[in-house]
Amino acid sequence: MRIVVLVKYVPEPTASWHFADDFTLDRDEIAGCLSPLDEYPIEQALRLIEAGVDAEISFLTMGPARAAEALRKALSLGGDRAVHVTDGGLRGSDALATSLVLATALRQMGFDLVLTGMASTDAEMSVVGTMVAARLQVPVIAGAVGLQVTGDTVTVRRESDEATEEVVAELPAVVSITDRSGEARYPSFKAIVAAKKKPVTTWSLADLGIAPDQVGAGAANTIVRTVRPRPARVAGTVITDEGDGAVALADFLTTSKLL
Ligand SMILES: Cc1cc2nc3c(=O)[nH]c(=O)nc-3n(C[C@H](O)[C@H](O)[C@H](O)COP(=O)(O)OP(=O)(O)OC[C@H]3O[C@@H](n4cnc5c(N)ncnc54)[C@H](O)[C@@H]3O)c2cc1C
């Protein structure tokens, strides 16, 4: 069985973002990392193997040259190999183009189960997995907190405030995994070293047979019109309890129209 985990290279959570003149993120200028939310689908893929599923795990990313760092991090957690789609023409691609590239690469790699994160930690659209499934014409189950594979089916557990659901799909399928699925593991030093020897294949747009005018900023259906830095935080109000704390708090909430 072939499991492919989609992983994205995103800016480090603490990094300051630089934007190019066209308001796209200048990814070459920002320190990046494996999207923290993509550690959850990786963890679930590894747990499937530990539960006895006979599978090869591959990682797939679309991103700049430095996105290879995200693949190495993924490979240090486990898995067998990785594919990196990188090409200057991809810069400024929207979610539709991203899904086109990933779906085309998945067809070329071969897959039975595709796992994704619940969202990237930069653009946070939560759409790429569903778009990939639509392009591949396979079932998609979003929001998994756990999964099992038996024969040709995947059984996914989803949790809401009101209920726990079990959703079953025939493979091949795409499943997105949430951050409530269980802690992701840390790589050992030995695994980090071993990951450097695992194969990473690099594909360009030409390798995938995708025309340059199908992707990139020129093909985007949506554009970022402006980018503004978040306003600086203002100091909060401190209420010191000198016997009248509860009244002062209630007054504050009433004045702020919160009560
Ligand atoms: C500064 C900035 C400017 C942008 N400008 C535009 C714009 O002008 N027009 C526009 O339409 N979009 C724009 N985007 C959105 C950008 O193209 C998105 O990154 C892309 O559409 C993917 O969507 P997402 O990151 O929200 O993924 P989500 O849908 O949130 O990701 C869900 C999951 O899909 C997988 N995934 C997502 N992306 C990848 C990837 N590249 N490789 C492998 N797996 C992946 C991961 O498993 C991830 O957990 C911009 C984003 C940023 C940060």
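Preceding this section is the structure that the text describes.
Residues numbered from 1 in each chain as written. Predicted model: local features only at pLDDT ≥ 70, side-chain atom pairs only at ≥ 80, totals over all residues. Heavy atoms only, no water.

S.K.: What is the right way to read the site of the ligand from this model?
M.R.: If you check the shell around the ligand, you find 31 residues, and the closest are Lys-8, Asp-38, Ser-93, Asp-94 and Thr-222. Separating an oxygen atom of the ligand from a backbone N or O atom of Met-125 is a distance of 2.7 Å. Contacts to the ligand include Val-128, whose backbone N or O atom sits 2.8 Å from an oxygen atom. For the ligand, the accessible surface in isolation is 940 Å², of which the surrounding protein chains cover 93%. Put simply, the parts of the chain that give the shell around the ligand at least two residues each are β4 (56-62), α3 (95-109) and β6 (113-117). A breakdown of the residues in the shell around the ligand according to their chemical character gives 16 nonpolar, nine polar and six charged. (Near = heavy atom within 4 Å. Polar contact = N/O pair within 3.5 Å; in protein donor to acceptor, adjacent residues only side chain to side chain. Areas by Shrake-Rupley, 256 points an atom, 1.4 Å probe, with all protein chains shown as cover. Helix = DSSP H or I, 4+ residues; strand = E, 2+ residues; numbered from the N terminus. Nonpolar A, V, L, I, M, F, W, Y, C, P; charged D, E, K, R; others polar.)

S.K.: What is the right way to read the pairing of strand β5 (residues 81-85) from this model?
M.R.: Across the five residues of β5, four count as buried, placing the element largely inside the fold. The sheet contact formed by β4 and β5 spans five bridges and is parallel. Its bridge partner being in β5, Thr-61 is matched across the sheet by His-84. (Buried < 20%, exposed > 50% of the residue type's maximum accessible area, 1.4 Å probe, protein only. Pairing = 2+ DSSP bridges.)

S.K.: I'm lost on the sheet that holds strand β9 (residues 153-159) in this one. Help?
M.R.: Strand pairing in a sheet is mediated by backbone hydrogen bonds. Such pairs are either parallel or antiparallel. Across the sheet, three strands lie side by side as β8-β9-β10; this open sheet has antiparallel pairing. Of all the strands in the sheet, just β8 (146-150) and β10 (164-170) have a single pairing partner and so form its edges. Going from strand to strand, the sheet's axes swing by 20° on average, the running direction of each strand aside. Looking at chain direction, β8 and β9 are connected through five bridges and run antiparallel. What sits directly across from Leu-147, in β9, is Val-156. (Axes fitted to C-alpha atoms, helices over the stretch in contact; angles between N-to-C directions.)

S.K.: Mind showing me how you'd approach unusual backbone geometry here?
M.R.: The general pattern is negative phi for most residues beyond glycine and trans for most peptide bonds. The peptide bond linking Leu-171 to Pro-172 adopts the cis configuration, its omega dihedral lying at 0°. Its location among the elements puts Pro-172 in the loop between β10 and β11 (173-177). Its identity as a non-glycine residue notwithstanding, Glu-124 has a phi of 55°, on the positive side. The topology assignment puts Glu-124 in the loop between β6 and α4 (128-136).

S.K.: Please clarify how the pattern of salt bridges should be interpreted in this entry.
M.R.: Side-chain pairs of opposite charge can arise whenever the charged atoms involved come near each other. Per the counting criterion, the structure on display carries ten salt bridges. The salt bridge partner of Arg-185 is Glu-43, with a shortest N-O separation of 2.8 Å. Of this pair, Arg-185 sits in the loop between β11 and α5 (189-195) while Glu-43 sits in helix α1 (residues 39-50), placing them 142 residues apart in sequence. On the basis of relative accessibility, which here comes to 5%, the residue Glu-43 falls in the buried class. Residues Arg-66 and Glu-69 are paired through a salt bridge, measuring 3.8 Å at the closest nitrogen-oxygen approach. Residue classification places Glu-69 among the partly exposed positions, given a relative accessible area of 41%. Among the ionic contacts, a cluster of salt bridges with common partners joins Glu-43, Arg-47, Glu-50 and Arg-185. (Salt bridge = Lys/Arg side-chain N within 4 Å of Asp/Glu carboxyl O.)

S.K.: Please clarify how the side chain of Glu-39 should be interpreted in this entry.
M.R.: Within the secondary structure layout, Glu-39 lies in helix α1. Only 3.1 Å separates the side chain of Glu-39 from the side chain of Lys-73, close enough to count as a polar contact. Residue contacts for Glu-39: discarding those within four places in its chain leaves Leu-34, Lys-73 and Ala-184. (Contact = heavy atoms within 4.5 Å.)

S.K.: I keep staring at helix α2 (residues 68-77) and nothing clicks. Help me out?
M.R.: Working note: α-helix, 3.6 residues per turn, so residues spaced by three or four point in the same direction. Residues of α2 that are buried include every one of Ala-70, Leu-71, Ala-74, Leu-75, Ser-76 and Leu-77, and no others. Of the residues trailing α2, Gly-78 is marked for its positive phi of about 155°.

All we've got here are geometric facts, nothing functional implied.
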